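# Observations on the three-dimensional arrangement
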Amino acid sequence: MNALTDKFREVSLAIIPIVVSILLLHFFVVPMETEIVYRFLIGSVLIMIGMPLFLLGVDISIERIGEDMSQSLIQTNKMKIVMVGSFIFGFIISVAEPDLHILAQQVSAVTNNLIPQMTLVITVSLGIGLMIALGMYRILKSIRLNRFITIVYGLIFVLALFNSGDFLAIAFDASGSTTGSITVPFMLALAGGASAITRSGLEEDTDSFGLLGIASTGAILGVLIMGMISPNSNLAGNIPVDTVQSSGVIGTFLDQIPLTAKDSFLSLIPVLILFYILNAISLKKTKRQLIRINIGLVYTIIGLILFLTGVNAGFMDASRSVGYLLSETKGNIWVIVVGVIFGVLTIPAEPSVHVLTDQIEDETAGAIKARTVMFSLAIGVGLAVGLSILRIVIPALELWHILLPGMAIALILSYFVPDIFVGIAFDSGGVAAGAMTATFILPFAQGVAESNPSANVLTDGFGVIALVAMTPLITVQAMGLLYRVQTKKDTRAGKEGRYE
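Residues numbered from 1 in each chain as written. Predicted model: local features only at pLDDT ≥ 70, side-chain atom pairs only at ≥ 80, totals over all residues. Heavy atoms only, no water.

## Re the environment of Gly-180
- For Gly-180, the position within the fold is in the loop between helix H7 (165-177) and helix H8 (183-198).
- Sequence separation between Gly-180 and Pro-351 is 171 residues, and the spatial gap between their C-alpha atoms is 8.2 Å.
- Gly-180 has contacts with Glu-97, Asp-99, Pro-185 and Ser-352, leaving out every residue within four places of it along the chain. (Helix = DSSP H or I, 4+ residues; strand = E, 2+ residues; numbered from the N terminus. Contact = heavy atoms within 4.5 Å.)

Take a look at the structure:
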């Protein structure tokens, strides 16, 4: 109960600033339709109840399942089994990821179903499964993360030359949306289990991170390959934002709950089937351990249903409406400033961010504080949203103009910072672009793009997640660079002190 209370307090402090900012904009800057405001408030309450339940459930169930599965794979001592099993695990949990389905629904709607929802989900999941298998191979073979990731992004840059801007934006957005509520705790546990078995204590901290970043590249590769072979190289579409299409305030939530419940159950059932098969074959958990895991899964499912219902039925229309109205009535400066503020406020409200930052603090025995990483991510995402809005309002500024130099800087930094910060940075890029980004920041950018006659709601709107996933790579590694400089100063001061 104390753990649940602590998580509720933490989540409430994260959500309240977002609620206050939307209400201030509504009352004093851009009045929205009353129904949208009411749905936003109800959605906020559901999020503040659902996220603590979800995070508690993850702590006592999903993380444990991931660790047990990874250990069962590694203990076979057969690389082929490890890689095939990792591919299967990666594919299943990606297909189950709610954030990916949220993005795929929006892509399908905007492209008039030129890219069907399940086509995108399957393509992305295949790419993620492949890269998780290669990521586990990297851990077991002691391959440096910066070298591995440089090769992968080199391939991505080559494939990007053969794709249109539409597919490029969707590809990088997919990379962020794949590491969400279900996949993040599972992948972190998978990497942690592998590194705990195969590495010494010092190296274990390093290799516990990085798998999320590697998995995200699988989504990019999958979509870019799809773009190369797709007959629809140029995509177009729009999202109407000037009217509210709903069943009323309460009716919208009642319509959303069964859909969200179905998605949540389908998300966890494949993982559960795999776990119980492995438990029957090798894990042999006690009855008490299974009861605890099942209780955790109940918390996870209930929390996920409440959280996703809140963001889907309450947040998306409010955010899109604010973006549209600000751009329509107040001009570009207002839109950019509000976008930066929204980016900063969204990060503490991302459930996946809390899972990652807590594990970072645990794995480093408190040497890297969760709040320090959270602050770094917030600054990076605020900058990313600001750049995204700038790209929408300046027609000549394209996604690759920002993305290419940004990724180049991130890759160069990876050779000058401690390895653990490289892993944390690339993992952070994925978790920063989670459910709140897909349902709050992305609709905001789409609203701005829809109101701007020179913008393309597909290319310009969808590029925001790509930049949200990129900027933490730079800010977290910059934090690592400062850490290295400070460590050297402390070491030098210690040596001088011994000679005095």
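## Notes on the packing of aromatic side chains
- This structure, assessed with the given rule, holds 8 aromatic pairs.
- Taking the centre distance of 4.9 Å and the plane angle of 35 degrees together, the rings of Phe-40 and Phe-315 count as tilted. Highlighted residues: Phe-40 in helix H2 (residues 34-74) and Phe-315 in helix H12 (residues 287-329), separated in sequence by 275 residues.
- With a relative accessible area of 0%, Phe-40 lands in the buried category.
- By relative accessible area, Phe-315 is classed as buried at 0%. (Phe/Tyr/Trp six-rings, centres within 6.5 Å; stacked < 30°, edge-to-face > 60°. Buried < 20%, exposed > 50% of the residue type's maximum accessible area, 1.4 Å probe, protein only.)

## Some details on helix H17 (residues 419-432)
- For H17, with 14 residues, the first-to-last C-alpha span of 20 Å sits near the 20 Å given by 1.5 Å per residue.
- Counting buried positions along H17 gives 13 out of 14 residues, so the element sits mostly inside the fold. (Expected span 1.5 Å × (residues − 1).)

## Section: the side chain of Asp-173
- Looking at the secondary structure, you find Asp-173 in helix H7.
- Looking at Asp-173, its side chain comes within polar contact range of the main-chain nitrogen of Ile-465, at 3.2 Å.
- Not counting the four nearest positions on each side in its chain, Asp-173 is found in contact with Leu-103, Phe-462, Gly-463, Val-464, Ile-465 and Ala-466. (Polar contact = N/O pair within 3.5 Å; in protein donor to acceptor, adjacent residues only side chain to side chain.)

## Re the nonpolar core
- Ranked by size, the top nonpolar core spans 154 residues in total, and within it Met-69, Leu-120, Tyr-153, Val-223, Phe-342, Ile-389 and Phe-444 carry the most contacts.
- Other than its neighbours up to four places away in sequence, Val-223 contacts Leu-120, Thr-123, Val-124, Asn-163, Phe-167, Ile-170, Ala-171 and Ala-174. (Core = buried A, V, L, I, M, F, W, Y, C linked by side-chain atoms within 4.5 Å.)

## Focus on the environment of Ser-177
- Structurally, the position occupied by Ser-177 is in helix H7.
- Once the C-alpha coordinates of Ser-177 and Glu-361 are considered, the two residues, 184 residues apart in sequence, prove to be 24 Å apart.

## Quick look at the environment of Ala-478
- As for its position among the elements, Ala-478 is in helix H19 (residues 459-499).
- The class for Ala-478 is partly exposed, based on a relative accessible area of 32%.
- Once the C-alpha coordinates of Ala-478 and Ser-376 are considered, the two residues, 102 residues apart in sequence, prove to be 9.1 Å apart.

## Quick look at the confidence of the model for the chain
- The pLDDT averaged across the chain works out to 83; a share of 92% of its residues lies at or above 70.
- Scored below 50 in pLDDT, residues 200-204 makes 4 contacts in the model with residues more than four places away or belonging to other chains. (pLDDT = per-residue confidence, 0-100.)

## Considering the pattern of salt bridges
- One pass over the full model with this rule turns up 6 salt bridges.
- For the salt bridge of Arg-9 with Asp-6, the shortest nitrogen-to-oxygen distance reads 3.1 Å. Highlighted residues: Arg-9 and Asp-6, both in helix H1 (residues 2-28), separated by 3 residues, approximately one helical turn.
- By relative accessible area, Arg-9 is classed as partly exposed at 47%. (Salt bridge = Lys/Arg side-chain N within 4 Å of Asp/Glu carboxyl O.)

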